[in-house]
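# Analysis of the macromolecular model
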Amino acid sequence: MKRGEERLAALRDGARLVLDENWLGSSTLPSRTLYPHQWSWDSAFIAIGRSWYDQAKAQRELESLFKAQWANGKVPHIVFNPKVPDDAYFPGPTFWQTSTRSKDAPRDVETSGITQPPIHAQAALEMHRHARDQASSVAFLKWLYPRLVAEHDYLARHRDPTGIGLASVVHPWESGLDNSPVWGRDLSELAIPAGAIPPYQRHDLAHANAADRPTNEAYDRFVYLVLRYRDSGYDDSVLLDAVPFTMASPQFNAIYLWSTHALVELADVVGADPTPHREAAERIHSALLSHLWDPDARCFAAMDVRTKERGVEDTIVAFAPLLDPEHPADHRTSIVDTLKSNCFHPDRPGDFVVPSYDLLGEDFDRRRYWRGPIWINTN
Ligand code: DGY
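This text gives an overview of the structure that appears in the document. (Residues numbered from 1 in each chain as written. Predicted model: local features only at pLDDT ≥ 70, side-chain atom pairs only at ≥ 80, totals over all residues. Heavy atoms only, no water.)

Here we come to the packing of helix α2 (residues 40-51) against helix α6 (residues 120-130). When two helices pack together, their arrangement is given by the angle between their axes and by how far apart the axes lie. Remark: α2 packs on α6, axes separated minimally by 9 Å, with the N-to-C direction vectors making an angle of 10 degrees. By the angle class used here, α2 and α6 are roughly parallel. From α2, Ser-40, Trp-41, Ala-44, Ala-47, Ile-48 and Ser-51 reach across to α6, where they touch His-120, Ala-123, Glu-126, Met-127 and His-130. (Axes fitted to C-alpha atoms, helices over the stretch in contact; angles between N-to-C directions. Helix = DSSP H or I, 4+ residues; strand = E, 2+ residues; numbered from the N terminus. Parallel < 35°, antiparallel > 145°, perpendicular 65-115°, else oblique. Contact = heavy atoms within 4.5 Å.)

What follows is the structure, encoded as structure tokens:
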């Protein structure tokens, strides 16, 4: 084997080892210490990876996640493992209290109350493309498809409080890019009443270097947003009153669109009507362009759906609409120019990976998650 091939083989074997060591029997831990439960979009990425070599486990991964889906279609961002002590991760089930606070939350398993990027339909399609046992894959998709449709319906019906055609996130954790400067202005403007946050203990700092993690100030804001949503009973019909953070992100919505296109193909596999997904794709595509494209800055930006103000930070979220197959060519050129600029291109020919935040940005931090470091999945 040539050296490059050897390195790739070693990398692939190492990646498989990580997944296999973190396999719990029906899902995979993102990390034994820092993330000791099942996470929604991590599971989708993991299932895509596994589908290249272990179809059965890839299917079980998504099955475990969707067994915890809420009655209203929401796919929770964490499915808690009952065997893990409550103090292994904060906020754990005793903080979220979903099964007692919301009529829609499952009763037989504890979950968080928020969601994450809806990448699952796309993951399911990838899995089907790699499946050696096509019959088993089709049977699995027949089970999963209505659940994926419910996930998308939830976003369309409950997460678009101002009717713009896009789904909003109600917490930075929902974006998967928790600590990104993209949320900076909206978080810093949050007025947190004195005494609103009960004392809590972060467990992440016991397992990770504080320099990598969000600051305590940011954590207070994360906890406050959970409390606001939780205290509404996770009731999306009062989102704008209950939760002081409702953002439409280009990344979340580009993934939503990408998965909507996947639903068109999956409908074909299971013999369902793809028309509603085609219509939904058209709606999300148009809304992305009309609400999140900034014609002056010539880039996509996250928008506060209450004020309709768009952010100005250059972060990785701005590139995700490249997933849209109908993306206008001149927009694409502008995005690619930004990608190639000194802000995102670390000038290492042949080694082109995109950092999570503008290398020249004021808040750039080479260690802290989402403020610089690369997460390869977003690439
Ligand atoms: C965390 O705890 O860091 C997570 O990103 C929240 O999902």
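We are not done yet, so read on.
What follows concerns the nonpolar core. Ranked by internal contacts, the top residues of the largest apolar core, which has 71 residues, are Leu-166, Trp-183 and Tyr-229. Those residues in contact with Tyr-229, other than ones at most four positions away along the chain, are Lys-74, Gly-113, Ile-114, Tyr-154, Arg-159, Val-170, Tyr-234, Asp-235, Asp-236, Leu-239 and Val-243. Of all hydrophobic cores here, the second largest spans 24 residues; its members include Leu-65, Phe-66, Ala-121 and Ala-124. (Core = buried A, V, L, I, M, F, W, Y, C linked by side-chain atoms within 4.5 Å. Buried < 20%, exposed > 50% of the residue type's maximum accessible area, 1.4 Å probe, protein only.)

Moving on: unusual backbone geometry. Of note, the bond from Phe-90 into Pro-91 is cis; its omega dihedral lies within 30 degrees of zero at -5 degrees. Considering the arrangement of structural elements, one finds Pro-91 in the loop between β2 (78-79) and α4 (93-96). In this structure, Tyr-234 takes a positive phi of about 55 degrees despite not being glycine. When you line up the elements, Tyr-234 lands in the loop between α10 (216-231) and α11 (239-242). Positive phi, normally seen in glycine, also occurs at Lys-308, with a value near 65 degrees. Topologically, Lys-308 is positioned in the loop between β6 (303-304) and α14 (329-340). When its relative accessible area of 38% is taken as the criterion, Lys-308 is described as partly exposed.

Take His-152: it is sitting in helix α7 (residues 134-158). Among residues more than four places away in sequence, those in contact with His-152 are Pro-118, Ala-121, Tyr-256, Ser-259, Thr-260 and Leu-263.

What follows covers the site of the ligand. Close to the ligand lie Tyr-35, Trp-39, His-77, Tyr-89, Trp-173, Asp-178, Arg-213 and Tyr-219. His-77 is positioned such that a nitrogen or oxygen atom in its side chain is 2.7 Å from an oxygen atom of the ligand. Look at the ligand: alone it shows 240 Å² of surface, and the protein chains cover 94% of it. Under a 2 Å grid-point criterion requiring more than half of the atoms, the pocket assigned to the ligand is the largest pocket. In the shell around the ligand, the residues fall into 5 nonpolar, 1 polar and 2 charged. (Near = heavy atom within 4 Å. Polar contact = N/O pair within 3.5 Å; in protein donor to acceptor, adjacent residues only side chain to side chain. Areas by Shrake-Rupley, 256 points an atom, 1.4 Å probe, with all protein chains shown as cover. 1 Å grid on protein atoms, 1.4 Å probe; cavity = no way out; pocket = protein on both sides within 12 Å on 5 of 7 lines; lining within 4 Å. Sits in = over half its atoms within 2 Å of the grid points. Nonpolar A, V, L, I, M, F, W, Y, C, P; charged D, E, K, R; others polar.)

In this section: empty space enclosed by the protein. Under the defined criterion, the tally for this structure stands at 3 cavities of 30 Å³ or more. By volume, the largest cavity is sized at about 70 Å³. Within the residue set of the lining of the largest cavity, elements represented by two or more residues are α3 (55-66), α6 and α7. At 4 residues, α6 tops the list of elements feeding residues into the lining of the largest cavity. Classifying every residue of the lining of the largest cavity by side-chain character gives 6 nonpolar, 6 polar and no charged. Reported here for the second largest cavity is a volume of approximately 50 Å³. Around the second largest cavity, the lining residues are Arg-298, Cys-299, Phe-300, Asp-314, Ala-318, Phe-319, Ile-335 and Thr-338. Breaking the lining of the second largest cavity down by element, the ones donating at least two residues are β5 (299-300) and α14. Each residue belonging to the lining of the second largest cavity can be placed in one class, and the counts come to 5 nonpolar, 1 polar and 2 charged. (Points joined across faces, edges and corners; volume = space filled by probe spheres on them.)

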